[in-house]
Every structure is written in C-alpha cells, then in structure tokens.
Amino acid sequence: MPDPTAPPTPPITLAALLARAELGLHRIAGPPDAEIRWVHTSEMADPYPYLLGGELLMTAGVQLGDPERYVSRVVAAGAAALGFGVAPVYEEVPSALVAACERHGLPLLEVPPRTTFSGVARAVWLLMARAREDELRRVSEAQRALATAASRPDPVGAVLRVLAGRLGGWASLVTPEGSVPYAAGREPSGPAWAALRGLVGVVAPSADLPRPAPSRKPPEPVADGSSARGRPAGRGLRPQTPAPHTREGLEMPEEQRSPAPTRQQAGSPAAHALTATDTVDGTHLTAYALTGPRRLALALAAPQRAPGDHTIAGVAAVLLTLLTAERQGADEAARSAALVRMMLGAAPEEAGAPLGAGPWVVVHARGTGTPPDLGTPLIDTAGPTVRALVPADREVTPHPGWTLGVSAPAALDGLAVADRQAARALARAEATRAPLARHRPAGFTALLDPAEAAAHAGELLAPLSDPLRTTLRNWLSLHGSWDRTAVALGVHRNTVRQRIGRCAALLGADLDDMDVRTELWLALRSAEAHSGQPSD
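Owing to the predicted nature of the structure, the values given are computational and were not obtained by experimental measurement.

What about unusual backbone geometry?
It is generally the case that most residues other than glycine have a negative phi and that most peptide bonds are trans.
Next up, step 1: At the junction of Ala87 and Pro88, the peptide bond is cis and its omega measures out at 10 degrees in the coordinates.
Next up, step 2: The backbone phi angle of Ala87 is positive, close to 70 degrees, even though this residue is not glycine.

Below is the structure:
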C-alpha cells in the first residue's frame, strides 16, 4: 500500500535538481545520490517536529546554533538534503555545518544569493510534474502492449514477455508448490530466486512449499542497506502493508516492530497478503497473488524499481488472472475475450453479447484483509482500490473491514460514468465513516431544463477554477464539514477553509446563507450533468 505521507508524484533525484544551471546550486558535502519528495523552508532551531521525511530542507541559518545537533536532528527526521542560503546571515556556509553533514551523510547544497528558496521549490515541482508525465506515458504504453499481448495465440507467455521487457527483468508464474509453468526474461540468481519463492509463499501460501534446491542457499534476512542518513531499512521477507505509523511518519525502531512473516507463518490468514516485496543482491523482487482456485502468483525480479512499475505489474496480474482461470466454460472464456477486446478499443456494443448488456453496477472498495466477495468474477484487486463489475440485480451489502462505494445501474456504454460514480460514492463513504455509500440520483435537478440550467450554472460558476469547484461541491455535499471535506479530498482542513473562503470572495456570496448554498449546489449538479460527469 502506498505511503499515506508521500505525495502522488514520483520523487526526483538530487542530480536532476543540481543539473538546473539557472539555480546555481552546488553540493559541498554528503553523498550525491538522494531522492527529493518535496521542499520545506524553516528557520527554526529544531525543525524535526515539522518534517515528514524526504524533504529538501532550506534554511539561511537564522537559528543554526550548534551545527552538529542541528544536522543530527534533521537526519533523524529523514530529510533528504539540506539547502543553505548564503547571505544575508552568513557570507559562506559554516565549515562546522559542512563537517557535520559529511559525518552524517546528509547532502548539503550551497544556495547562492541570487537564487530564491521559492525558485528552488518551483524547480522541484516542475521536475516532479515532468517525471509524473513520463510515468503516466510509460504506464499507458505498457498497458496497450500488455492488452495486445493478451489477444495473441499464446497469451500467457506473450504477456509475461512484454512484462519482462517493460520492467527489464524476469517475469514468471509460480505455483504455491514452487514450480514455474511460464517464465520470460533472465532468471535471477540463486539467493534472489530462493527469496522470491519465499515471497510466493507469503501471497500464495501452501503447507507443502518445498525447500529451495541445495545449490541455491536459503534466503537470509537481507537489509536493503542502511540509509546514508541513518534511517533503518527494511529487512527480510515483508509483505506490502502500511508501515507502522509514528509521529511525523517515521518508522519505529526495529526492535519495536512486529517480525516479518516467516515461511511457516505465511499460511496463516493474518500473514496472507496480495503483494510482497524484497531486495536481494541488488535485485528487486515482487510477488502478486492471482485470484482463482489455482492460487498462482506473478513473480518478478528486476534490477531496479521505477515509478509506475507497480501499476504496470498490477495490470498484468489482472490479465493473467483472466487468462489462467482454471477450466473456463464457454461463457467465461467469451467474457475474458470480450474484456480484452474492450481494452484494445472495441466499442462496448461489440462486447455486449458475451458480457451481457447489463445493467451493471460498479463497486469500489478499500479496506484490509481478504477482498470482499461481491459475487462476480469481474473484479480487479490490483492497487489500493478494489473495483468490481456486478450485475445490477445482485444486492451489494457492507463487508466488515471494508468501505464500499456503489454506482447507479448502467449499460455497457455507461460504465465509464458508473466508474466515476463509484469512486465518488467511496470518497463520501470514507468521509462520513459509513461502511457503504451508493450513488444518489439527480433528484430535483431533473425537473430543470438542462440547457437553461447549464447556461445559468456556467455563468454563476465562471469565476471558480476546477479545484475550487471540486472543493465547493464536496463541502456542500458534506454539509459544510471541514474535517469530512478534508478527508474526501485528501488535504488539510485549513486548505479546505482557504479554498471555501476563496470561493466566497470570487462569487461575492455569503456561503452561510442556505439559499446561496442551495443555488450553488443546483448549479454544480447542472454543470456536471451538462459535462457528462457523474454526481452523487
């Protein structure tokens, strides 16, 4: 599961930031390799309580004090690097600070007087945006290649070959007993292969999982390497579960953590996971559970782990689950083929016969443990959100430990809208702490003339940007609750307050007036209906 404290954009390397010649940054201490997730400026004597980890911390040394203590606290907070602005407080970077950063392995950048801290922050965000665009492009191209491979005569082998090529490593299907019916790419080394079989035992447990061959020594708990800044790295076989959360998002000391599940423990329900990762001999290992009675696992070994790899592998896992379903009947095989055709761009009506015209409902679910049984084989368990296509006549009920959002019934050509409806319903359920929320129909807005309502909405809402409209809509739908709106949008409650205040100023309206709220709500619903966006 992704780190909830990490931004949605991929990190950038310190080298990429230093390559921006217009900034004039120079690394004067610490290692050259670091990943930056965000920028934070602080002139506090101890910024530790306000750091999440991964920051480029910018300071002019107003309250530097003891450089040794300052650097040790910054390292303990997990900062990626320190940027020191020379002038007006210091004419040059203090030598004691340079020495302390060198001792603690913290990259230290000299920021010249002509370069503003906000300019550095802007450069970081631009680099992150570019990295995000590159990641999305790479994922999109890989999805198309995987879908094309799934339609070939040998679909399982073709999908694995494409996946191995895209990840630059080895891709295979492994049974709980350790056999490999399909594989593509260069097989990993003995220790890495043994560790990968251990990961398969975590995601696809079996009581009789064989021991590794004698020529391949058993996996030992391998550290990814202690961070140069002193933060402990993960050890051994560990499924991807949320990291123990402590103050400021830092990991707990090793002795306070629960031990990683061993191969003997892996068969227990508590240890079962959908994804497990490890790193051995510099090779990144991942195992994905494929749903189905055969309990196969997708096992991957790659020399590096790039942004987007998890998404690409998740798409492949879904396709392989469909392609390896045991003893498919004619109906199931036709459905799988129809899904592949739709992924390749076929019109929904072409897939209507094998899939059924519907109506269907789309269900989005998030939670822990075994995914909910929704009574349908059309389910996607890759990623943090489980998505399913359920016949509309089948009742969707709450499941313990899971939060569900359910769309309105839709035909095949309306599934894209239904998918967005389910996503919004899930966000509303999480914000209101309800186990299940359903899409709400248009109601009173259906009585308005669509063209007139859309024209009035466009004029009324014209001053608001898309982020402000989204914030206002969520705030109104949640009865003006700052906290629930913040949860639904994934932002801080103060950000919600600032945005709503901005909306009030731009509209010149009193948002405490119920008449104003009602008019804005109808306008937002009308605008969504006119643009084809779902509302709930």
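A few points about the environment of Val361
Next up, step 1: By the element assignment, Val361 lies in strand β14 (residues 360–367).
Next up, step 2: For Val361, a relative accessible area of 6% gives the class buried.
Next up, step 3: Along the sequence, Val361 and Ala422 sit 61 residues apart, while their C-alpha atoms lie 8.5 Å from each other.
Next up, step 4: Discounting residues that sit within four places of it in the chain, Val361 has contacts with Ala388, Leu389, Val390, Pro391, Ala392, Val396, Val406, Ser407, Ala408 and Pro409.

Some points on the sheet that holds β14
Next up, step 1: Strands sit in the order β15-β16-β14-β17-β18 across an open sheet of 5 strands; the sheet is mixed. The open sheet terminates on both sides in strands that have one partner only, identified here as β15 (379–380) and β18 (436–438).
Next up, step 2: With 5 bridges joining them, β14 and strand β17 (residues 402–406) adopt antiparallel strand pairing. Across the sheet, Ala365 pairs through a bridge with Leu404, a residue of β17.
Next up, step 3: Across the sheet, helix α10 (residues 415–432) lies against β14, β16 (386–391), β17 and β18, angled at about 35 degrees from β14, the strand it touches most.

Some details on the pairing of β17
Next up, step 1: With 5 of its 5 residues buried, β17 lies for the most part within the structure.
Next up, step 2: Alternating positions in β17 separate into two faces, Trp402, Leu404 and Val406 on one and Thr403 and Gly405 on the other, with burial throughout.
Next up, step 3: Pairing between β17 and β18: 3 bridges, direction parallel. Each residue of the ladder has a partner; that of Val406, found in β18, is Arg438.
Next up, step 4: Between β17 and its parallel partner β18, the chain crosses via α10, and the hand of that crossover is left-handed.

Re the pattern of salt bridges
Next up, step 1: In this structure the tally under the stated criterion is 11 salt bridges.
Next up, step 2: For Arg138, the salt bridge identified is with Asp309, shortest N-O distance 2.5 Å. You can see Arg138 sitting in helix α4 (residues 117–150) and its partner Asp309 sitting in helix α7 (residues 309–323), a full 171 residues away along the chain.
Next up, step 3: With its nearest N and O atoms 3.1 Å apart, the salt bridge here joins Arg438 to Glu395. Taken together, the residues span a long stretch of sequence, with Arg438 in strand β18 and Glu395 in the loop between β16 and β17 at a distance of 43 residues.
Next up, step 4: Since its relative accessible area comes to 36%, Arg438 is described here as partly exposed.

With respect to the nonpolar core
Next up, step 1: In this structure, Leu146, Leu160, Leu163, Leu173, Leu298, Leu300 and Leu320 are the most contacted members of the largest nonpolar core, which totals 29 residues.
Next up, step 2: If you list the elements that add at least two residues to this core, you get α4, α5 (155–167), β8 (170–174), β13 (297–302) and α7.
Next up, step 3: Take this core: its biggest share by element is 8 residues, from α5.
Next up, step 4: With sequence-adjacent residues up to four places away left out, Leu300 is seen in contact with Leu163, Leu167, Trp170, Ala171, Leu196, His284, Leu285, Thr286, Tyr288 and Ala313.
Next up, step 5: By size, the runner-up hydrophobic cluster in this structure holds 21 residues, among which are Leu14, Ala34, Met58 and Ala80.

Quick notes on the sheet that holds strand β4 (residues 38–41)
Next up, step 1: Taken in spatial order, the 5 strands line up as β2-β7-β6-β5-β4 in an open sheet, and their pairing is mixed. Among the strands making up the open sheet, the edge pair consists of β2 (26–29) and β4. Across the sheet, the mean angle from the axis of one strand to that of its neighbour is 30 degrees, orientation sign disregarded.

Considerations on the packing of α5 against α7
Next up, step 1: The N-to-C vectors of α5 and α7 enclose an angle of 175 degrees; their axes lie 10 Å apart at closest approach. Classified by the interaxial angle, the pair formed by α5 and α7 is roughly antiparallel. Of the residues in α7, those touching α5 at Pro155, Val156, Val159, Leu160, Leu163 and Leu167 are Asp309, Ile312, Ala313, Ala316, Leu320 and Leu323.
Next up, step 2: Class assignment for the residues of the contact of α5 with α7 results in 11 nonpolar, no polar and 1 charged.

Some details on the packing of helix α2 (residues 67–76) against helix α3 (residues 95–104)
Next up, step 1: With their axes 9 Å apart at the nearest point, α2 and α3 run at an angle of 40 degrees to one another. By the angle between their directions, the pair α2 and α3 is classed as oblique. Handedness of the crossing formed by α2 with α3: right-handed. Contacts between α2 and α3 pair Pro67, Glu68, Val71, Ser72 and Val75 from the former with Ala96, Leu97, Ala100, Cys101, Arg103 and His104 from the latter.
Next up, step 2: Looking at side-chain class alone, the contact of α2 with α3 contains 7 nonpolar, 2 polar and 2 charged residues.

Focus on the confidence of the model for the protein chain
Next up, step 1: Model confidence for the protein chain is summarised by a mean pLDDT of 76, while 75% of its residues fall at 70 or above.
Next up, step 2: Taken as a whole, residues 207–271 scores under 50 in pLDDT and shows 117 contacts with residues more than four places along the chain or in a different chain.

Quick notes on the rules
- All residue numbers refer to position in the chain's written sequence, counted from 1.
- Restriction of local features to residues with pLDDT of at least 70 applies here, the model being predicted, together with a cutoff of 80 or more for giving and counting side-chain atom pairs; totals for whole chains, interfaces and linings are based on all residues.
- Calculation of side-chain values draws on the structure's entire complement of heavy atoms; hydrogens and water are dropped beforehand.
- A helix here means a DSSP run of H or I that spans at least four residues, while a strand means a run of E at least two residues long, and both kinds are numbered starting from the N terminus.
- The buried label applies to any residue whose accessible area, calculated with a 1.4 Å probe on protein chains only, is under 20% of its type's maximum; exposed applies above 50%, and partly exposed to all values in between.
- Contact criterion: two residues are considered in contact whenever any of their non-hydrogen atoms come within 4.5 Å of each other.
- For two strands to be treated as a pair, DSSP must find at least two bridges joining them.
- To define axes, lines are fitted to C-alpha atoms, for helices over the stretch in contact only, and angles between the resulting N-to-C directions are given on a 0 to 180 degree scale.
- If the strands point away from the viewer and the path from the first strand over the helix to the second runs clockwise, then the crossover is right-handed.
- Salt bridges are identified by distance alone: a Lys or Arg side-chain nitrogen within 4 Å of an Asp or Glu carboxyl oxygen.
- Side-chain atoms within 4.5 Å link the members of a nonpolar core, which is a set of buried Ala, Val, Leu, Ile, Met, Phe, Trp, Tyr and Cys residues.
- For classification purposes, angles smaller than 35 degrees are called roughly parallel, those larger than 145 roughly antiparallel, those between 65 and 115 roughly perpendicular, and all remaining angles oblique.
- For this scheme, ten residues count as nonpolar: Ala, Val, Leu, Ile, Met, Phe, Trp, Tyr, Cys and Pro. Four count as charged, namely Asp, Glu, Lys and Arg, and the remainder, Gly too, count as polar.
- For any helix crossing, the convention is left-handed if the near helix is rotated counterclockwise from the far helix by under a right angle, and right-handed if that rotation is clockwise.
- As a per-residue measure, pLDDT tells how confident the predictor is, with possible values from 0 to 100.

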